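# Residue-level structure breakdown
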2 protein chains.
Amino acid sequence: MTNTDFFIPRLAIVGVGLIGGSLALALRQAGAVGEVIGIGRGLANLEKALELGIVDEITQDVVAGTREADVVFLATPVCKLGEVAAAIIPSLKDGAVVTDGGSVKASVIAEIEPLLRPEVSFVPGHPIAGTEQSGAEAAFASLYRNRRCILTPTARTSGEALELVQRMWQTSGSEVVVMEAEKHDRILAAISHLPHMVAYSLVNAVGSYDRYEENILEYSAGGFRDFTRIASSDPSMWRDIALTNPEALIEMMERFECFFAELKEDVRSGKGERLYEFFQRSKELRDNIL
Amino acid sequence: MTNTDFFIPRLAIVGVGLIGGSLALALRQAGAVGEVIGIGRGLANLEKALELGIVDEITQDVVAGTREADVVFLATPVCKLGEVAAAIIPSLKDGAVVTDGGSVKASVIAEIEPLLRPEVSFVPGHPIAGTEQSGAEAAFASLYRNRRCILTPTARTSGEALELVQRMWQTSGSEVVVMEAEKHDRILAAISHLPHMVAYSLVNAVGSYDRYEENILEYSAGGFRDFTRIASSDPSMWRDIALTNPEALIEMMERFECFFAELKEDVRSGKGERLYEFFQRSKELRDNIL
Ligand SMILES: NC(=O)c1ccc[n+]([C@@H]2O[C@H](COP(=O)([O-])OP(=O)(O)OC[C@H]3O[C@@H](n4cnc5c(N)ncnc54)[C@H](OP(=O)(O)O)[C@@H]3O)[C@@H](O)[C@H]2O)c1
Ligand SMILES: NC(=O)c1ccc[n+]([C@@H]2O[C@H](COP(=O)([O-])OP(=O)(O)OC[C@H]3O[C@@H](n4cnc5c(N)ncnc54)[C@H](OP(=O)(O)O)[C@@H]3O)[C@@H](O)[C@H]2O)c1
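Described in the following lines is the structure provided in the data block. Note that the structure is a prediction, hence the values are computed from the model and not measured.

So, how was this worked out
- Residues numbered from 1 in each chain as written.
- Chains lettered and ligands numbered in written order.
- Predicted model: local features only at pLDDT ≥ 70, side-chain atom pairs only at ≥ 80, totals over all residues.
- Heavy atoms only, no water.
- Helix = DSSP H or I, 4+ residues; strand = E, 2+ residues; numbered from the N terminus.
- Buried < 20%, exposed > 50% of the residue type's maximum accessible area, 1.4 Å probe, protein only.
- Contact = heavy atoms within 4.5 Å.
- Areas by Shrake-Rupley, 256 points an atom, 1.4 Å probe, with all protein chains shown as cover.
- Least-squares fit on C-alpha atoms with pLDDT ≥ 70 in both.
- Axes fitted to C-alpha atoms, helices over the stretch in contact; angles between N-to-C directions.
- Left-handed = near helix turned anticlockwise from the far one by under 90°.
- Core = buried A, V, L, I, M, F, W, Y, C linked by side-chain atoms within 4.5 Å.
- Buried area = accessible area lost by both parts, 1.4 Å probe.
- Salt bridge = Lys/Arg side-chain N within 4 Å of Asp/Glu carboxyl O.
- Polar contact = N/O pair within 3.5 Å; in protein donor to acceptor, adjacent residues only side chain to side chain.

## Remarks on the overall build of chain A
- Secondary structure assignment for chain A yields 11 helices and nine strands.
- Taken along its principal axes, the extent of the C-alpha atoms in chain A is 65 × 40 × 35 Å.
- Going through the 290 residues of chain A one by one, you find that 57% of them count as buried.
- Considering only contacts in chain A between residues 6 or more positions apart, those separated by 24 or more positions represent 73%.
- Carbon together with sulfur atoms contributes 48% to the accessible area of chain A, which is approximately 11300 Å² in total.

Here it is, written out as structure tokens:
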């Protein structure tokens, strides 16, 4: 896949982990990027990124590393995005485009927009792709292929910058969807943040059940393992998400609680027909997304 | 895998679906069975089973089909097991061993034990293996390989019959664990029944969220799909399980609700450290079962 008319001469990736590293690899593979500078705090991870050919240069100095960049991709944990933006925006070159990959959008926009200069554009984004792994070693070029990437421009986002970031993600293999940040945060609360809260709670509830001496998780077959895989995700990433999208998340958690409580009442009262309908409706919804 | 010293001359499978069909295939592959009679209600499924070489003979007459059997494996839905047992026990030959694969044990024992004759033994069992598919076509010989099978004998179960059923499952590739029915029902409520209730509730809660016009499930990436795969399971099987194991299931549902409510309160009050600990504890428990 090469796309001759899309090219970023100098790309800075702040946070060369799964998300940042995979974008660099995808753009490289497409021949759509000149020089890639990798920026982070830990030297070991940066050296790994260099060794793996993810980036051409590395630095722990976020200001120096981004100063000459045409595009800066912020891929640090969500709670660090504002801090990084505050550090770099004053020294970015005119015309630079800043974009991010944070899993939450409204809170990130609220932090970053007030820091902008007229010469620097910000395009908030979120690639809907990931694994349970993290760090440069987890990155791979095809992570974004056939996935969606949601961009949530605001009134201040320039059309040109939006277009550029849109093409960047398309070049990486994704379909780009544009929507408002609030809508993004609610949809993601439903399809991603809620399921993680459910999985983490389930594993804790079952794993700490100590009525029997043995570890009952040893009886779990493939179903439980697959079902709870997302409970292996990075705890600090999910802390950040829970801290930055609480309103939408609580709305969805309460919605889930209502359905669960209704089901529990039907189990308690032995309502076979209602139970069947509940399971059947769910099966239909689930089978439709296969 | 052939096991020369274990052999069942005549095996009757009542309910030639995923569970019954896979046992027949596993025992056949091990050369551990003579003739296999498949019994069911629908002719189409039985003919399929014959065509696929799962069984040697088929009949819709459960009494005729089991009369000469040395071992009868009951693999119908849980709520039908008592009915089938009542029909066949009077005419089984002396020394016949009846065993089952139902996902719930205490209620099945309560139904079947009063029907027994002194010449017929019953060994309640549950192979911890399965897929989301059903029917004869879903059966495969390796389903039980490297899985566990739980047997829950009672005071009335003969040692000889228990030994035979134990070897039958070992021959099919499983490790056999013997425990009390009540313990089985509580452990399974935790590791299997609760997760299914959670998955069904989650898909219903998310799938029916209609704040936006589009179908938000279309945004779900691999995580959601994997996480909710078990919500594709057979609704009638799960209705039966919920109807026959309500006490243990409600205990676990309430336990889950407590953990989930605690988490929701920490999200609401933005307690970052507690959130991190909650997720971290869960990740550790989950990673330990990998
Ligand atoms: N994982 C997913 O499934 C997924 C999906 C979509 C979006 N996201 C979002 O993508 C972002 C990154 O996630 P990830 O999964 O790629 O995490 P990751 O693999 O842990 O990568 C994050 C990187 O950021 C660096 N970093 C942390 N703090 C920094 C700072 N203050 N300045 C510079 N670099 C810093 C880390 O290295 P050092 O610690 O050495 O600095 C690390 O290499 C998060 O905002 C997340 O919400 C994740
Ligand atoms: N699926 C799993 O993951 C799993 C795991 C462990 C244990 N189990 C247990 O195994 C049993 C069977 O489950 P399965 O997944 O194999 O279901 P399945 O594939 O639907 O098979 C059940 C079979 O029973 C037959 N049947 C239903 N009612 C009958 C009756 N009254 N008399 C004779 N045959 C009857 C059905 O055919 P007709 O409708 O044509 O009669 C069908 O072929 C259940 O008790 C379940 O709890 C299931």
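## What about the relation of the copies chain B and chain A?
- In screw terms, the move from chain B to chain A is a rotation of 180 degrees and a rise of 0.0 Å along the axis, fitting with an RMSD of 0.0 Å. Classification of the inter-copy transformation places it as that of a two-fold axis. Considering only C-alpha atoms, the part of chain B nearest the rotation axis is Phe227(B), at 2.2 Å.
- A shared interface surface links the copies, since 100% of the contact residues of chain B are contact residues in chain A too.

## Some remarks on the packing of helix α10 (residues 246-268) of chain B against helix α11 (residues 272-288) of chain B
Residue and element names in this part refer to chain B.
- α11 packs onto α10 with a crossing angle of 145 degrees between their chain directions and a minimal axis gap of 9 Å. With respect to the hand of their crossing, α10 and α11 are arranged in left-handed fashion. Contact residues: Phe259, Glu262, Leu263, Asp266 and Val267 in α10; Arg274, Leu275, Phe278 and Phe279 in α11.

## Points about the nonpolar core
- Ranked by size, the top nonpolar core spans 92 residues in total, and within it Val206(A), Phe256(A), Val206(B) and Phe256(B) carry the most contacts.
- If near-sequence neighbours (up to four positions away) are discounted, Phe256(B) is found in contact with Val198(A), Ser201(A), Leu202(A), Ala205(A), Phe256(A), Phe260(A), Leu194(B) and Val198(B).

## Considerations on the interface of chain B and chain A
- The interface is formed by 86 residues belonging to chain B together with 86 residues belonging to chain A.
- At the boundary of chain B with chain A, total buried surface from both sides reaches about 8500 Å², with 68% on carbon and sulfur atoms.
- Joining chain B to chain A, the criterion identifies 14 salt bridges.
- The partner of Glu254(B) in a salt bridge is Arg268(A), with the nearest N and O atoms 3.0 Å apart.
- Where chain B meets chain A, there are 32 residue pairs in polar contact (both at pLDDT 80 or more).
- Looking at the side of chain B that touches chain A, the elements with two or more residues in it are β8 (148-151), α7 (181-207), α8 (222-227), α9 (235-244), α10 and α11 of chain B.

## Digging into the environment of Ala161(A)
- The residue Ala161(A) is located in helix α6 (residues 159-171) in this model.
- Here Ala161(A) is in contact with Val97(A), Ser121(A) and Val123(A), once residues within four sequence places are set aside.

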